[in-house]
There are 2 protein chains.
Amino acid sequence: MSKQVIDQLKNKLIVSCQAEGDSPFNSPEGVTMFAKAAVMGGAAGIRSEGIDKTKMILKNVNVPVIGLIKSKFDDGFVRITGRYKDVEDLLNIGVHIIAIDGTFRNRENLSGPEFINKIKSEFGCIVMADISNLDEALECEKAGADLISTTLNGYTPETLSDKTKSPNYDLVKLLVEKISSPIIAEGRINSPEAAAKMIEIGAYSVVVGTAITRPQIITSWYVEAIKSIK
Amino acid sequence: MSKQVIDQLKNKLIVSCQAEGDSPFNSPEGVTMFAKAAVMGGAAGIRSEGIDKTKMILKNVNVPVIGLIKSKFDDGFVRITGRYKDVEDLLNIGVHIIAIDGTFRNRENLSGPEFINKIKSEFGCIVMADISNLDEALECEKAGADLISTTLNGYTPETLSDKTKSPNYDLVKLLVEKISSPIIAEGRINSPEAAAKMIEIGAYSVVVGTAITRPQIITSWYVEAIKSIK
């Protein structure tokens, strides 16, 4: 079962369908429309945040769904599925894969790898570790993570300088070289060419979010480009 | 009033928010979410198809709305606002600009330019002529069209060979040179760079649709790029 789900994502596109704050799409209905459209367009998997939204997406698509719950911790930074209860909630609604913050930052007195180890031993569910650098990836793999995703590169205090306009091809190359688990490329992949390049350099799957499912931000890219001329 | 509406679009982005067929967004609510997101992202105008959808968009955004009604004629090709009644219906809901097919193809026994001439004299509304080539553009300008848009280039029998993967910069350059009315660049503008280039070569505004508001097609571009590698 676990192998079958992971196999379905090989060399494929995963579309992240998230909406927050004042986005007009910030509802289970809004993100589900995107998930349906993505699957119609050929996406092999969906990444989704929040219980109500993920529940509705699960009912409406027939591809593996990677679920997560974002919450802001006391240090002001967000953790991805940073609480034991988040994992229970996501498993209860039937997600196929759980994305968990794999950084060394604390949550419920455990580092990411320690938390992943606990979740793997207790539930045996498929875990995608969202990491920001190689050290975290190595520890998460040892802890039993099934997939390693570059989601958090550029979004932790230590990797903020990696948050450029480009996706981090170098990190993906490094992970592919050093780690035998599937590497999922995620973060700032905003063109079909960039997605293809990630697969070419060895990524197992590519996650695209903003460039497909955040029309407000896509619009602003066009507006900025035009402003730069006039 | 008319000048003020047109002024608002100068050197700006217009986002086309349309959905048809089995698109999950094919409802007034679906396209209105996109229109709201586009305006939040900085769009200066919205282009919208259909009475119910356009009506809801008009209620939810505070920028000029270009309305149109698509219908398939007997020759199998679509006309954009090809019927007198379509114009009346769009004016009744309060669109700021009406997009009208400006090709020479017949509709209600009139060519595009003849139809535009009739509409301009009867209603005095702002008309955007959707054309496919220079000859149509010249005739539509004479007929009184306020704005000329390249929407139909690549979509009429005579211009099918122009339907490449790239936007038609040459046609926009030619129109800017030969026509004094504002030229609106529309069609296959799928990157911020292409949009900026259109403004650079003299387009008055740029319309982007698919690349912002059709997540199913955007997804398929990524899927195809990945397939081309593996």
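The structure reproduced in this document is the subject of the present report.

**A short note on the overall build of chain A**
Then step 1. Summing up its helical and strand segments, chain A has 10 helices and 10 strands in all.
Then step 2. Expected size for 230 residues packed as a compact globule is a radius of gyration near 17 Å; at 17 Å, chain A falls within 12% of this value.
Then step 3. Considered along the principal axes of its C-alpha atoms, chain A spans approximately 55 × 35 × 35 Å.
Then step 4. Put simply, chain A has 230 residues, and 58% of those count as buried.
Then step 5. Counting only contacts in chain A whose residues sit at least 6 apart along the sequence, the fraction spanning at least 24 positions is 56%.
Then step 6. For chain A, the separation between the mean place of its 27 positive charges and that of its 29 negative charges on side chains is 5 Å.

**Observations concerning the interface of chain A and chain B**
Then step 1. The interface of chain A with chain B comprises 41 residues on the first partner and 41 residues on the second.
Then step 2. For the pair chain A and chain B, the summed buried area comes to about 3500 Å², and 79% of that belongs to carbon and sulfur atoms.
Then step 3. Per-residue buried area on chain A facing chain B is highest for A:Met33, A:Tyr222 and A:Ile226; these three make up 20% of the total on that side.
Then step 4. Between the two partners, chain A and chain B, sit four residue pairs in polar contact (both at pLDDT 80 or more).
Then step 5. When residues of the side of chain A that touches chain B are traced back to their parent elements, those giving at least two are strand 1 (12-16), helix 2 (28-40), helix 8 (192-200), strand 10 (205-208), helix 9 (210-213) and helix 10 (215-227) of chain A.

**Here we look at helix 4 (residues 84-93) of chain A**
Residues and elements named next belong to chain A.
Then step 1. Inspection of helix 4 places Asp86, Val87 and Leu90 among the buried residues, and these make up the whole buried set. Summarising the axial view, the buried residues of helix 4 lie within an arc of 100 degrees, below the 170-degree limit, and thus occupy one face.
Then step 2. Just past helix 4, the residue Gly94 takes up positive phi, approximately 95 degrees.

**Here's the deal with the relation of the copies chain A and chain B**
Then step 1. Expressed as a screw transformation, the operator carrying chain A onto chain B has a rotation angle of 180 degrees and an axial translation of 0.0 Å, and the superposed copies differ by an RMSD of 0.0 Å. Both copies of the chain, as the preceding transformation shows, are related through a two-fold rotation axis.
Then step 2. Interface residue correspondence from chain A to chain B reaches 100%, placing this contact among same-surface, isologous pairings.

**Quick word on the nonpolar core**
Then step 1. Core analysis: the biggest nonpolar cluster contains 118 residues, and A:Ile46, A:Ile148, B:Ile46, B:Ile148 and B:Met198 have the highest contact counts within it.
Then step 2. Among all residues touching B:Ile148, those that are not within four sequence positions of it are B:Ala129, B:Ile131, B:Ala137, B:Cys140, B:Glu141, B:Ile179, B:Ser181, B:Pro182, B:Ile183 and B:Ile184.

**Comments concerning the packing of helix 5 (residues 112-123) of chain A against helix 6 (residues 134-143) of chain A**
Residues and elements named next belong to chain A.
Then step 1. Between helix 5 and helix 6, the shortest axis-to-axis distance is 8 Å and the interhelical angle comes to 20 degrees. The angle between the axes of helix 5 and helix 6 places the two elements in the roughly parallel class. Taken as a pair, helix 5 and helix 6 cross one another with a handedness that is right-handed. Counted together, Pro113, Ile116, Asn117 and Lys120 of helix 5 and Glu139, Cys140 and Ala143 of helix 6 form the full contact between these two elements.
Then step 2. Of the residues in the contact of helix 5 with helix 6, the class split is four nonpolar, one polar and two charged.

**Brief notes about the environment of A:Gly67**
Residue and element names in this part refer to chain A.
Then step 1. Looking at the element boundaries, Gly67 is found in strand 3 (residues 65-68).
Then step 2. Residue Gly67 is classed as buried on the basis of its relative accessible area of 0%.
Then step 3. Along the chain, Gly67 and Leu90 lie 23 residues apart, while their C-alpha atoms are 6.5 Å from each other.
Then step 4. Contacts of Gly67, omitting those with residues within four sequence positions, involve Ser48, Thr54, Thr81, Leu90, Val95, Ile97, Ile98 and Ala99.

**Structural notes on unusual backbone geometry**
Generally, phi is negative for residues other than glycine and the peptide bonds are trans, each holding for most cases.
All names here are of chain A.
Then step 1. Look at Thr81: it is not a glycine, yet its phi comes out positive at around 45 degrees.
Then step 2. Phi at Arg188 takes a positive value of approximately 60 degrees, unusual for a residue other than glycine.
Then step 3. In this fold, Arg188 is placed in the loop between strand 9 (183-186) and helix 8.

**So, the packing of helix 3 (residues 51-60) of chain A against helix 4 of chain A**
Residues and elements named next belong to chain A.
Then step 1. Contact pair helix 3 / helix 4: the axes reach a minimum separation of 10 Å and the direction vectors enclose 20 degrees. As far as their axial angle goes, helix 4 and helix 3 are roughly parallel. Remark: the crossing between helix 3 and helix 4 carries right-handed chirality. Side by side, helix 3 and helix 4 meet where Ile51, Thr54, Lys55 and Leu58 of the first sit next to Asp89, Leu90 and Ile93 of the second.

Calculation notes
Every chain begins its residue count from 1, and numbering advances along the sequence as written. All chains are assigned letters beginning with A, and all ligands numbers beginning with 1, in the order in which they are written. Where local features are concerned, this predicted model is filtered to residues with pLDDT of at least 70; where side-chain atom pairs are given and counted, the filter is 80 or more; whole-chain, interface and lining totals use all residues. Heavy atoms throughout the structure, all of them, feed into the side-chain values; hydrogens and water do not. Numbered from the N terminus, helices here are DSSP runs of H or I no shorter than four residues, and strands are runs of E no shorter than two. With the radius of gyration taken over C-alpha atoms, the globule rule is written as 2.2 Å times the number of residues to the power 0.38. Throughout this description, buried means an accessible area under 20% of the type-specific maximum (1.4 Å probe, protein chains only), exposed means over 50%, and partly exposed covers the range between. Only heavy atoms enter the contact rule, under which two residues are in contact if any of them lie within 4.5 Å. Charge counting treats Lys and Arg as positive and Asp and Glu as negative, with His and both chain ends excluded. Where a charge lies is defined by one atom per residue type: Lys uses NZ, Arg uses CZ, Asp uses CG and Glu uses CD. Buried area, as used here, totals the accessible surface that two parts lose on assembly, with accessibility defined by a 1.4 Å probe and the loss added over both. Any pair of nitrogen or oxygen atoms within 3.5 Å is treated as a polar contact; in protein, a donor-acceptor pairing is required on top of that, and neighbouring residues in sequence qualify only through side-chain atoms on both sides. Our arc is simply the arc of the directions from the helix axis toward the C-beta atoms. The least-squares superposition of copies is restricted to C-alpha atoms, and to residues with a pLDDT of at least 70 in both copies. Here, the term nonpolar core denotes a set of buried Ala, Val, Leu, Ile, Met, Phe, Trp, Tyr and Cys residues that are joined through side-chain atoms within 4.5 Å. For helices, the axis comes from a line fit to the C-alpha atoms of the stretch in contact; other axes are also lines fit to C-alpha atoms, and the angle between any two N-to-C directions lies between 0 and 180 degrees. Throughout, the term roughly parallel applies to angles under 35 degrees, roughly antiparallel to angles over 145, roughly perpendicular to angles from 65 to 115, and oblique to all others. Should the near helix be turned counterclockwise from the far one by less than a right angle, the crossing is left-handed, whereas a clockwise turn marks it as right-handed. Here the term charged refers only to Asp, Glu, Lys and Arg, the term nonpolar to Ala, Val, Leu, Ile, Met, Phe, Trp, Tyr, Cys and Pro, and the term polar to all other amino acids, Gly among them.

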